[in-house]
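A look at the structure
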Amino acid sequence: MAEYDLVCDVCREALSAADALISWTTEGQLERGFALTHTAHVPAGATDRFDGRMVTSPNGYLRFVSERLGHRVDDPEPLRAILWALAPYVVRPDNPAEMDAMRAASFGARLGVKPGTQPSALAAGAQEKHEAGK
């Protein structure tokens, strides 16, 4: 297995982030029994689930973590292992368009806006061009 391969907690087979499911049991404010599994291998007693592909986006990852902060966790180690296993998928760009947006944002630019121009200046120029054709 590669360094960033996920493994199902039940069958111990390789698991893609798109097919992963995080499940756990909630009893009042207490959460326990966190597992990262294939959809077919979710433990029978699990009361809550979160789609693994949603956790691989930065916003989804933060949402999942922030929701866990509002509850007591019986044994935090399985949850910690799941978060560490999914973290590389969150920070790694998956496609060229996402990489271009990240590259543009890294030096304060916007994707699709020519460097050195303001987005409002482009809109004003387009408006003037449209009015000139009347």
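For the structure given in this document, a descriptive report is provided here. The numbers attached to residues start from 1 for each chain and follow its sequence in the written order. Restriction of local features to residues with pLDDT of at least 70 applies here, the model being predicted, together with a cutoff of 80 or more for giving and counting side-chain atom pairs; totals for whole chains, interfaces and linings are based on all residues. As a rule here, side-chain values cover all heavy atoms of the structure and leave hydrogens and water aside.

The next point concerns the packing of aromatic side chains. Any Phe, Tyr or Trp ring, taking Trp's six-membered ring, that has another such ring centre within 6.5 Å forms a pair; planes under 30 degrees apart are called stacked, those over 60 apart edge-to-face, and the others tilted. Throughout the structure, instances matching the rule amount to 3 aromatic pairs. When the centroid spacing of 5.8 Å and the interplanar angle of 70 degrees are considered together, the rings of Trp24 and Phe64 count as edge-to-face. Separated by 40 residues along the polypeptide, Trp24 in strand 3 (residues 20–27) and Phe64 in helix 2 (residues 58–69) bring together distant segments of the chain. Phe64 matches Trp24 in its accessibility class, with the two residues each being buried. Between the aromatic rings of Phe50 and Phe64, the centroid separation amounts to 5.1 Å while the plane-to-plane angle is 50 degrees, which identifies the pairing as tilted. A residue pair is termed long-range when its members are at least 10 positions apart, and Phe50 in strand 5 (residues 48–51) and Phe64 in helix 2 qualify at 14 residues. For the pair Phe50 and Phe64, one class covers both residues: buried. One aromatic cluster in this structure is built from Trp24, Phe34, Phe50 and Phe64. Note on conventions: DSSP H or I runs of at least 4 residues are helices, E runs of at least 2 residues are strands, and numbering of each starts at the N terminus. Categorising residues by exposure relies on relative accessible area from a 1.4 Å probe, with only protein chains included: less than 20% of the type maximum marks a residue as buried, more than 50% marks it as exposed, and the intermediate range marks it as partly exposed.

Take the pairing of strand 4 (residues 30–38) next. The buried count for strand 4 comes to 7 of 9 residues, which makes it a mostly enclosed element. Here strand 3 folds back onto strand 4, and the loop between the two strands holds 2 residues, one of which, Gly28, carries a positive phi near 70 degrees. Strands were regarded as paired on the criterion that DSSP finds at least two bridges between them. Where strand 4 and strand 6 (residues 72–73) come together, 2 bridges link them in parallel fashion. The partner of Leu30 across the bridge, within strand 6, is Arg72.

Turning to the nonpolar core, a few remarks are in order. In terms of nonpolar packing, the biggest core is built from 18 residues, with Leu6, Ile22, Phe34, Leu36, Val55, Phe64 and Leu86 touching the most fellow members. Going through the elements one at a time, strand 3, strand 4, helix 2 and helix 3 (76–91) are the ones with two or more residues in this core. Looking at this core element by element, the count peaks at 6 residues for helix 3. Residues are treated as being in contact if the distance between any of their heavy atoms lies within 4.5 Å. Contact partners of Leu86, with chain neighbours within four places excluded, come to Leu6, Ile22, Val55, Thr56 and Tyr61. Residues belong to a common nonpolar core when they are buried Ala, Val, Leu, Ile, Met, Phe, Trp, Tyr or Cys residues joined through side-chain atoms within 4.5 Å.

A separate point is the packing of helix 2 against helix 3. Axis separation between helix 2 and helix 3 bottoms out at 10 Å; the angle between their running directions is 165 degrees. Comparing the axis directions of helix 2 and helix 3 gives the class roughly antiparallel. Where helix 2 crosses over helix 3, the two elements pack in a sense that is left-handed. From helix 2, Pro58, Tyr61, Phe64, Val65 and Arg68 reach across to helix 3, where they touch Leu79, Leu83, Leu86, Ala87 and Val90. Of the residues in the contact of helix 2 with helix 3, the class split is 9 nonpolar, no polar and 1 charged. To get an axis, fit a line to the C-alpha atoms, keeping to the stretch in contact for a helix; angles then go from 0 to 180 degrees between the N-to-C directions. Reported orientations rely on four angle classes, namely roughly parallel under 35 degrees, roughly antiparallel over 145, roughly perpendicular from 65 to 115, and oblique for the rest. Helix crossings fall into two classes, left-handed where the near helix is turned counterclockwise from the far one by less than a right angle and right-handed where it is turned clockwise. In this classification, the charged set is Asp, Glu, Lys and Arg, the nonpolar set is Ala, Val, Leu, Ile, Met, Phe, Trp, Tyr, Cys and Pro, and all remaining amino acids, among them Gly, are polar.

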